[in-house]
Each structure stands twice: as C-alpha cells, then as structure tokens.
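Architecture at a glance
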Amino acid sequence: MQTGGIGVAADREWVIQNAKGKKFVYDSATEAFGELDEYGEGAVVLTRLVYRGLFRTKPVEDWQPAERPAV
C-alpha cells in the first residue's frame, strides 16, 4: 500500500499491553497513558505506524514502547 493515494493515510495505533500480554486499543497516547495505571504493574503503552485505506490497515512497523507525552 502506498501513501498519497486516494483514501490512504498514515496513522498511529496505540495499545496498552498488560503483564499477561493482552492488548487494549486506544485512540491516542494521552488516552492510553491516562488509563495505564488501571492495568497494574508490568503494563506498558505500545505504538506503531500504520497506513489506513478504505478497506484495509497495513502496519509499517512492529509494536514499540511509547514515551509518555509531555503535559
């Protein structure tokens, strides 16, 4: 999938992964870090770059630890 085409846009995905490996999806880093403490010790916020098209989302990179946004 190429960027710049009709209906294709680069975006970021955000998840919290708990200590057992289960992932919970969030819309933004702010939202994910706001909920992080509720998942207990060992939970981390992960992010990845994706391309979104009309009917498909394609990851560009693997999940990576995210840094807490400045307040």
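What comes next is a walk through the structure. (Residues numbered from 1 in each chain as written. Predicted model: local features only at pLDDT ≥ 70, side-chain atom pairs only at ≥ 80, totals over all residues. Heavy atoms only, no water.)

**As for the packing of aromatic side chains**
Each pair of aromatic rings is reported with the distance of its centres and the angle of its planes. Throughout the structure, instances matching the rule amount to one aromatic pair. Centre to centre, the rings of Phe24 and Tyr39 are 4.7 Å apart; their planes meet at 35 degrees, and the pair counts as tilted. Residue Phe24 is located in strand 2 (residues 23-26), and its partner Tyr39 is located in the loop between helix 1 (29-35) and strand 3 (44-52); the two are separated by 15 residues in the primary sequence. A relative accessible area of 22% places Phe24 in the partly exposed class. For Tyr39, a relative accessible area of 25% gives the class partly exposed. (Phe/Tyr/Trp six-rings, centres within 6.5 Å; stacked < 30°, edge-to-face > 60°. Helix = DSSP H or I, 4+ residues; strand = E, 2+ residues; numbered from the N terminus. Buried < 20%, exposed > 50% of the residue type's maximum accessible area, 1.4 Å probe, protein only.)

**Here's the deal with the pattern of salt bridges**
Using the criterion set out here, one finds four salt bridges in the structure. A salt bridge links Glu61 to Arg12; the nearest nitrogen and oxygen atoms lie 2.7 Å apart. Within this pair, whereas Glu61 is found in the loop between strand 4 (57-59) and strand 5 (64-65), its partner Arg12 is found in strand 1 (residues 9-17), the two being separated by 49 residues in sequence. With a relative accessible area of 25%, Glu61 lands in the partly exposed category. Taking the shortest distance from any N to any O, the salt bridge between Glu13 and Arg52 comes out at 3.4 Å. Of this pair, Glu13 sits in strand 1 while Arg52 sits in strand 3; the two residues are 39 residues apart in sequence, bridging distant segments of the chain. The class for Arg52 is partly exposed, based on a relative accessible area of 29%. One salt-bridge network, held together by shared partners, links Asp11, Glu13, Arg48 and Arg52. (Salt bridge = Lys/Arg side-chain N within 4 Å of Asp/Glu carboxyl O.)

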